[in-house]
Amino acid sequence: MMPSPEQLIKQKLLDTAAIQLQVEYWKAGGEKIVFTNGCFDLVHLGHITYLAEAAALGTKTIVAINSDASVKRLKGTNRPINDEYSRAMMLASFFFIDAIIVFDEDTPLLTIQQIMPHVLVKGGDYTIPQIVGAPEVIANGGAVEVLDFVPGYSSTSIINRIRNGAEAG
Ligand SMILES: Nc1ncnc2c1ncn2[C@@H]1O[C@H](COP(=O)(O)OP(=O)(O)OP(=O)(O)O)[C@@H](O)[C@H]1O
Ligand SMILES: O=P(O)(O)O[C@@H]1O[C@H]([C@H](O)CO)[C@@H](O)[C@H](O)[C@@H]1O
């Protein structure tokens with residue numbers, strides 16, 4: 001029986017053990033693995049644009065998202081708006097994303113070292129020296145790419161617009 005669309009999305013959500021097995025299988029099959037990470041609290045056009053561009057850089061795309069606790073430490077106790085399961089399912093619903101992993105640390109370094117992707121990607125709000133994992137990926141013969149920033153789009157600005165609108169009544 002064909003899996004339902006929701007099952008197809010959900011099966012992309014992998015834990016640490018499963019992602020390592022999946023990466024091993026993909027690498028054995030000659031796949032080019034692209035990796036990026038972020039909070040992705042409220043998904044917007046900037047996220048979609050850079051993620052789609054990232055996916056075009058390889059044949060399998062993995063997105064590591066910060067756990068709720070990690071987002072709180074990084075972005076403040078009033079974040080995230082969307083919990084980690086919602087954020088994971090949202091990104092997994094994109095056809096060009098192949099796997100989602102949630103990490104609880106402050107940075108994805110351990111996850112990057114476990115996966116060791118061929119291409120590490122961040123959006124244009126970063127420079128290469130700021131990208132966690134860049135030295136490790138480059139030392140392993142991989143590439144690090146900073147993709148274009150889509151001006152005017154951030155989760156924070158969306159939240160502020162909603163808050164201001166609410167206050168304006
Ligand atoms: N406008 C944008 N254009 C391209 N890439 C973006 C844009 N905004 C964020 N990104 C990328 O998306 C990933 C997730 O970033 P993040 O979740 O922090 O988005 P954000 O909109 O900046 O959120 P926040 O406002 O909460 O900081 C990062 O790799 C970041 O480089
Ligand atoms: O959504 P953000 O804030 O872009 O994601 C953060 O990215 C950090 C980045 O990889 C630093 O180079 C990372 O350390 C942090 O855990 C968030 O994922």
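Each remark here, short or long, concerns the structure printed above.
Values in this document were obtained by computation on a predicted structure and should not be read as measured data.

### Here we look at the overall build of the chain
The helix and strand inventory of the chain stands at eight helices and five strands. When the elements of the chain are put in sequence order from the N terminus, they spell out α-α-β-α-β-α-α-β-α-β-α-β-α. Going through the 169 residues of the chain one by one, you find that 40% of them count as buried. Across the chain, the fraction of contacts at a sequence separation of at least 24, relative to all contacts at a separation of at least 6, is 74%. With an accessible surface of roughly 8900 Å², the chain has 58% of that area assigned to carbon and sulfur atoms. Taking the average location of the 13 positive side-chain charges in the chain and that of its 18 negative ones, the two points are 3 Å from each other.

### Re the site of ligand 2
Contacts to ligand 2 come from 15 residues, most closely from Asn66, Asp106, Tyr126, Gln130 and Val132. A distance of 2.9 Å separates an oxygen atom of ligand 2 from a polar atom in the side chain of asparagine 37. Between ligand 2 and glutamine 130, the relevant distance is 2.6 Å, taken from an oxygen atom to a main-chain nitrogen or oxygen of the residue. In the complex, 87% of the free accessible area of ligand 2, which totals 420 Å², lies under the protein chains. Among the secondary structure elements, those contributing two or more residues to the shell around ligand 2 are β1 (33-38) and α4 (68-75).

### Observations regarding helix α5 (residues 84-92)
Regarding α5, the residues found buried are Arg87, Ala88, Met89, Leu91 and Ala92. Contact partners of the buried residues in α5: α1 (5-10), α3 (45-55), β2 (60-66), α4 and β3 (99-103). Measuring from the backbone nitrogen of tyrosine 85 back to the side-chain oxygen at the start of α5 gives 3.2 Å, which picks out aspartate 83 as the cap.

### Some thoughts on the nonpolar core
In terms of nonpolar packing, the biggest core is built from 19 residues, with Ile19, Phe35, Ile62, Ile115 and Leu120 touching the most fellow members. Among the secondary structure elements, those contributing two or more residues to this core are α2 (16-28), β1, β2, β3, α6 (109-115) and α7 (134-139). In terms of nonpolar packing, the next biggest core, distinct from the first, is built from 18 residues, Ile65, Ala92, Val119 and Val121 among them.

### Remarks on the site of ligand 1
Looking at ligand 1, there are 21 residues lining it, with Lys75, Arg79, Asp125, Ser155 and Thr156 nearest. One of the side-chain N or O atoms of histidine 44 is found 2.8 Å from an oxygen atom in ligand 1. Between ligand 1 and arginine 79 there is a distance of 2.7 Å, counted from an oxygen atom to a side-chain nitrogen or oxygen. Considered on its own, ligand 1 offers 600 Å² of accessible surface; in the complex 93% of this is hidden by protein.

About the thresholds
Residues numbered from 1 in each chain as written. Chains lettered and ligands numbered in written order. Predicted model: local features only at pLDDT ≥ 70, side-chain atom pairs only at ≥ 80, totals over all residues. Heavy atoms only, no water. Helix = DSSP H or I, 4+ residues; strand = E, 2+ residues; numbered from the N terminus. Buried < 20%, exposed > 50% of the residue type's maximum accessible area, 1.4 Å probe, protein only. Contact = heavy atoms within 4.5 Å. Areas by Shrake-Rupley, 256 points an atom, 1.4 Å probe, with all protein chains shown as cover. Lys, Arg positive; Asp, Glu negative; His and termini not counted. Charge placed at Lys NZ, Arg CZ, Asp CG, Glu CD. Near = heavy atom within 4 Å. Polar contact = N/O pair within 3.5 Å; in protein donor to acceptor, adjacent residues only side chain to side chain. Core = buried A, V, L, I, M, F, W, Y, C linked by side-chain atoms within 4.5 Å.

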